[in-house]
Structures are given as C-alpha cells and as structure tokens.
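Given next are the chains, with one letter for each unit.
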Amino acid sequence: MTTAEATYIGIDVDKAELHIAVRPSGDTWDTPNNAHSIADLVSRLIPLHPTLVVLEATGGLEVPLAAAIAVAKLPVAVLNPRQVRDFAKATNRLAKTDKIDAQVLAHFAAAVQPAPRPVADALTHELQALLTRRQQVIEMITAEKNRCTTASKPVQERIKAHLLWLEGELSDLDKHLREHIKESPVWREKDQLLQSVPGVGPVVSMTLLAGLPELGTLNRKQIAALVGVAPLNADSGKSRGPIPCSL
C-alpha cells in the first residue's frame, strides 16, 4: 500500500460517545459508546482497510473498543495521552473539542505511525487497577501525615489509627501485586530481568509491567515513542525545531 492510499483513523473516546475522524478523506462522525454501536463501528471500519486505528488511553473507557477492533484483526494502537497533547501543541492544534481531538489522533497516526500495541489481557487490567489503588492509598497516607502535624492531640490519635489501617492496606496491596506477577510465567521472567537493573525495585517493575506490556517486543526507539519521551519537532510556520507523624 502506498502512502497516498494509506488510511488512518483517530477515535476520541468519552463515556457517552465515540468521535471518529478519517485521514486523508477528512470524514468525521459520532456514535454512541455502547456495545451495539461499537459493533456497528467496527463493521464500518473494516471496508476502509485502515493502515492504523488509534485511540487515546482514557482510564479504561477505550478498552472495549480497542478489543473489538483487535478482534476484527484491524491494527490498533492505544496512545499515551501526553504524546497526543505534545503533538497537538507542535502542530498548533490547541483548541479543545472532541472532533478536533479525533482529527489530531488521525493526524498523529499518519505522521508518527506508532506501532500497533497489543490489547492488555485481563491479568494486566487487574494489575493496573491494583497499582491505581496503591497510588490512591499512598496519597491518603501522605495527606493524613500532613494533617497530623497541625491537628490537636485527640485528632492526632484518630489520624494515627487511620494511618495504621492505611499502611496495612498498602502492605496487603503489595502482597496481591506480587501474587499477580507470579501468576504469569512471562511476567515472572520480565520482573526478574527488570529488577536485575540497579535502581529498579518491585514497585517500579510492577508499574512498568502494567503500563508497558510491550516491553521485550519493541526496540528502544519504539518504546521511547510509546511512552512519549521521543522528541517531536515543534514545527510551526517559520519556527522549527510536613514532618510525618511517628507511629
């Protein structure tokens, strides 16, 4: 397929609707975000023979659609939101509307051509959910420790009791995370390899495994592009180029 014939599709996902843009034809349309409409959308995409369909990661809202596209054997990439925002800035597409977002996604697909990424399996989603909850618990611990420094003595005792519970919850979450890693032989191997790197501990390793299941299948440049640390040219016009409580 030549570049002129290549078709790139960007889909902006929100809770109620899907917003679709096709490049280079310029076609755009909206459809409800539900199982029936997703099936109809995929049926409409198949005859277009897209070179790539891209979606922005939206906290899990994109998963049903990405899975349906993958099942239809269409190439799909779920993008790091920061990549898309940086690209939008670099191309002077700063307006924030759903249709512009879909068009930016299609433009990003055509210009950057990110590698299609596999849809995360159920175990990966569980790991991601546990990591999200772990971060929430850490934030609650930090907030409670900050409150403890200015609270009255009776309130401090209650905060300390809550901190004990939160730290127990954190320990329990870490235990579940380790168990999830052990359930997958592939993950065990990757986890051991990651933790062999100086400075990489269990939490960093688990975070990488959940957020980058492609590790080990892409080269360093592709991984850099995937996580949004590969540089993009900002071409536009002529411009180039406090003390914690002790328990």
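Structure: see above.
(A) Here's a closer look at the overall build of the protein. When you go through the protein residue by residue, the secondary structure sums to nine helices and five strands. In sequence order, the secondary structure elements of the protein are arranged as β-β-β-α-β-α-β-α-α-α-α-α-α-α. Within the protein, buried positions represent 34% of all 247 residues. Carbon and sulfur atoms provide 57% of the accessible area of the protein, an area that totals close to 14,000 Å².

(B) Spotlight on the packing of helix α1 (residues 35–45) against helix α2 (residues 63–71). Here α1 crosses α2 at 40 degrees, and the two axes come no closer than 10 Å. The angle between α1 and α2 falls in the class oblique. Seen along the crossing, α1 lies across α2 with a hand that is right-handed. Residues I38, L41 and V42 of α1 form the contact with α2, whose participating residues are P64, L65, A68 and I69.

(C) Quick look at helix α3 (residues 81–90). Considered for burial, the residues of α3 that qualify are Q83, V84, F87, A88 and A90. The arc that holds every buried residue of α3, seen down its axis, measures 160 degrees, which confines them to one face. Where α3 begins, the capping side chain belongs to N80, and its oxygen is found 2.8 Å from the backbone nitrogen of R82. Trailing α3 by a residue or two, N92 shows a phi angle of about 60 degrees, which is positive.

(D) Local environment of the pattern of salt bridges. Per the counting criterion, the structure on display carries four salt bridges. One salt bridge connects R134 with D174, and the closest N-O pair in it is separated by 2.6 Å. Placement of R134 in helix α5 (residues 122–148) and of D174 in helix α6 (residues 153–183) is noted, with a sequence separation of 40 residues between them. The partner of E144 in a salt bridge is R147, with the nearest N and O atoms 2.7 Å apart. Here E144 pairs with R147, and both are found in helix α5, just three residues apart, close to one helical turn. Its relative accessible area of 46% is what places R147 among the partly exposed residues. Bridged by salt links that share partners, the residues E56, R85 and D101 form one connected network.

Each value, and the rule that gives it
Residues numbered from 1 in each chain as written. Predicted model: local features only at pLDDT ≥ 70, side-chain atom pairs only at ≥ 80, totals over all residues. Heavy atoms only, no water. Helix = DSSP H or I, 4+ residues; strand = E, 2+ residues; numbered from the N terminus. Buried < 20%, exposed > 50% of the residue type's maximum accessible area, 1.4 Å probe, protein only. Areas by Shrake-Rupley, 256 points an atom, 1.4 Å probe, with all protein chains shown as cover. Axes fitted to C-alpha atoms, helices over the stretch in contact; angles between N-to-C directions. Parallel < 35°, antiparallel > 145°, perpendicular 65-115°, else oblique. Left-handed = near helix turned anticlockwise from the far one by under 90°. Contact = heavy atoms within 4.5 Å. Arc of directions from axis to C-beta. Polar contact = N/O pair within 3.5 Å; in protein donor to acceptor, adjacent residues only side chain to side chain. Salt bridge = Lys/Arg side-chain N within 4 Å of Asp/Glu carboxyl O.

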